[in-house]
Amino acid sequence: KGKHRLANDVERVVQEHLTYVREEMCDGWDLIHEEGKMKVYRREVEENGIVVDPLKIFHSIQGVTGHEICHYFWEYQYRMEWETTLDSTKIIEALDQDTVIFFQMHKRVWPTAQRDSCFWSHIRCISNSEEDQPTWLVVNYTTPHPLAPIKPPQVRLIANVAMICETIINEPPLNPKDIKRENIQCKLAYVAFVNPGGWVPSAAVRNVAKREYPRFLRRFTSYVIEQTRDKPILF
Ligand SMILES: O=S(=O)(CCO)c1ccc(-c2ccc(C3CCCC3)c([C@@H]3C[C@@H]3c3ccccn3)c2)cc1
């Protein structure tokens, strides 16, 4: 199938994330939260008085693959089962079998006005040298759309989010068919650049972010572990 109208944007943003995720975590990033294997980093950034702190979370999940994490993160039908911060989500356009456009209504976070979001969501497998497992990623990137008009008082979020996953196979058995879930783990990097799209009290949005991102990742990864427990491994 030919290239869709946003194919070049998707390519550019995916490459940016792939370059950026490997960036050293020293300069200017504060470790703001740690629980188990999850490390949450943040940089404090304000644009015109609006908090737009970039956020980076590194996590390692036992028993699931990067493909499985990305599958449940990207697929529409599971979203309301793990996303607790949404009032609604729907696909308003499919650009190809790996790229769709979502429109979402986010639950209101007092005292801020209600947010909505419209973003293309792209899933991709990047097979590097054949001996390792491939890298799977999902990118969610804000885009305007005629079916998602801005409707004040709702405020449009500006989000650029990536979930980038590697699959590690510990002590691979001779026959790949014998790989068990206790031999695999997913190492993920989650990057979120979210601009609330309108004024919010800095302290409020920083507290919400500090609480909600780890909670969302905890809940999402537990959901994937549950969903995949008795299923064949999806590499
Ligand atoms: O990973 S995703 O692409 C999953 C797609 O469903 C994604 C995750 C989170 C957001 C998000 C949306 C709104 C808000 C705020 C801004 C002012 C008032 C609400 C926040 C702030 C950071 C805090 C936050 C973090 C996580 C969850 C909810 N709240 C984040 C958007 C997309």
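Rules used in this analysis
Residues numbered from 1 in each chain as written. Predicted model: local features only at pLDDT ≥ 70, side-chain atom pairs only at ≥ 80, totals over all residues. Heavy atoms only, no water. Axes fitted to C-alpha atoms, helices over the stretch in contact; angles between N-to-C directions. Helix = DSSP H or I, 4+ residues; strand = E, 2+ residues; numbered from the N terminus. Parallel < 35°, antiparallel > 145°, perpendicular 65-115°, else oblique. Left-handed = near helix turned anticlockwise from the far one by under 90°. Contact = heavy atoms within 4.5 Å. Nonpolar A, V, L, I, M, F, W, Y, C, P; charged D, E, K, R; others polar. Disulfide = S-S within 2.5 Å. Buried < 20%, exposed > 50% of the residue type's maximum accessible area, 1.4 Å probe, protein only. Phe/Tyr/Trp six-rings, centres within 6.5 Å; stacked < 30°, edge-to-face > 60°. Lys NZ or Arg CZ within 6 Å of the ring centre and 35° of its normal. Near = heavy atom within 4 Å. Polar contact = N/O pair within 3.5 Å; in protein donor to acceptor, adjacent residues only side chain to side chain. Areas by Shrake-Rupley, 256 points an atom, 1.4 Å probe, with all protein chains shown as cover. Salt bridge = Lys/Arg side-chain N within 4 Å of Asp/Glu carboxyl O.

A word on the packing of helix α2 (residues 66–74) against helix α4 (residues 202–228)
Two numbers describe a pair of packed helices, the interaxial angle and the distance between the axes.
Thinking step 1. Closest axis-to-axis distance for the α2/α4 pair is 10 Å, and the angle between their directions is 110°. Our classification of the angle between α2 and α4 gives roughly perpendicular. α4 is crossed by α2, and the crossing has right-handed handedness. Within the contact between the two elements, α2 uses Glu68, Ile69, Tyr72 and Phe73 and α4 uses Phe216, Phe220, Thr221, Tyr223, Val224, Gln227 and Thr228.
Thinking step 2. Looking at the contact of α2 with α4, its residues break down into 7 nonpolar, 3 polar and 1 charged.

Observations concerning the state of the cysteines
Thinking step 1. Across all of its chains, the model carries 0 disulfides by this definition.
Thinking step 2. In this structure Cys70 is not part of a disulfide, and its nearest cysteine sulfur, from Cys165, lies 3.9 Å away.
Thinking step 3. With a relative accessible area of 0%, Cys70 lands in the buried category.
Thinking step 4. Cys165 forms no disulfide, and the closest cysteine sulfur to it belongs to Cys186, at a distance of 3.9 Å.
Thinking step 5. On the basis of relative accessibility, which here comes to 0%, the residue Cys165 falls in the buried class.

A word on the packing of aromatic side chains
Thinking step 1. Under the defined criterion, the tally for this structure stands at 15 aromatic pairs.
Thinking step 2. For the pair Phe73 and Tyr190, a centre-to-centre distance of 6.5 Å together with 90° between the ring planes defines the contact as edge-to-face. Pair noted here: Phe73 is in helix α2 and Tyr190 is in strand β12 (residues 184–195), with a separation of 117 residues, a long-range link. Tyr190 carries the same exposure label as Phe73, and that label is buried.
Thinking step 3. A connected cluster of aromatic rings, assembled from ring pairs, spans Phe73, Trp82, Tyr190, Tyr213, Phe216 and Phe220.
Thinking step 4. Sitting over the face of the ring of Tyr20, Lys56 holds its NZ or CZ atom 4.7 Å from the ring centroid.

Quick look at the site of the ligand
Thinking step 1. Inspection of the region around the ligand gives 17 residues, with Glu83, Gln104, Asn140, Leu157 and Tyr190 positioned closest.
Thinking step 2. One of the side-chain N or O atoms of Glu83 is found 2.5 Å from an oxygen atom in the ligand.
Thinking step 3. The side chain of Asn140 places a nitrogen or oxygen atom 3.0 Å from an oxygen atom of the ligand.
Thinking step 4. When the ligand is considered free in solution it has 650 Å² of accessible area, and contact with the protein chains removes 96% of it.
Thinking step 5. The set of elements that each furnish at least two residues to the shell around the ligand consists of β7 (99–106) and α4.
Thinking step 6. Sorting elements by how many residues they give to the shell around the ligand places α4 first, with 5 residues.
Thinking step 7. Along the lines of polarity and charge, the residues of the shell around the ligand split into 10 nonpolar, 5 polar and 2 charged.

Some words on α2
Because an α-helix packs 3.6 residues into every turn, residues spaced three or four apart end up facing the same way.
Thinking step 1. With 9 of 9 residues buried, α2 is to be regarded as a mostly interior element.
Thinking step 2. Every buried residue of α2 is accounted for by Gly66, His67, Glu68, Ile69, Cys70, His71, Tyr72, Phe73 and Trp74.

Here we look at the pattern of salt bridges
Thinking step 1. The tally for this structure, following the rule as stated, stands at 15 salt bridges.
Thinking step 2. Among the salt bridges present, the one from Arg124 reaches Glu11, with a minimum N-O distance of 2.8 Å. Of this pair, Arg124 sits in strand β8 (residues 115–126) while Glu11 sits in helix α1 (residues 7–20); the two residues are 113 residues apart in sequence, bridging distant segments of the chain.
Thinking step 3. The structure contains a network of salt bridges with shared partners spanning Arg42, Glu44, Glu46, Asp53 and Arg206.

A word on the side chain of Ser121
Thinking step 1. Within the secondary structure, Ser121 is located in strand β8.
Thinking step 2. Among the polar contacts made by the side chain of Ser121, one reaches the side chain of Asn140 at a distance of 2.6 Å.
Thinking step 3. Contacts of Ser121, omitting those with residues within four sequence positions, involve Trp74, Asp98, Thr99, Val100, Phe102, Val138, Val139 and Asn140.

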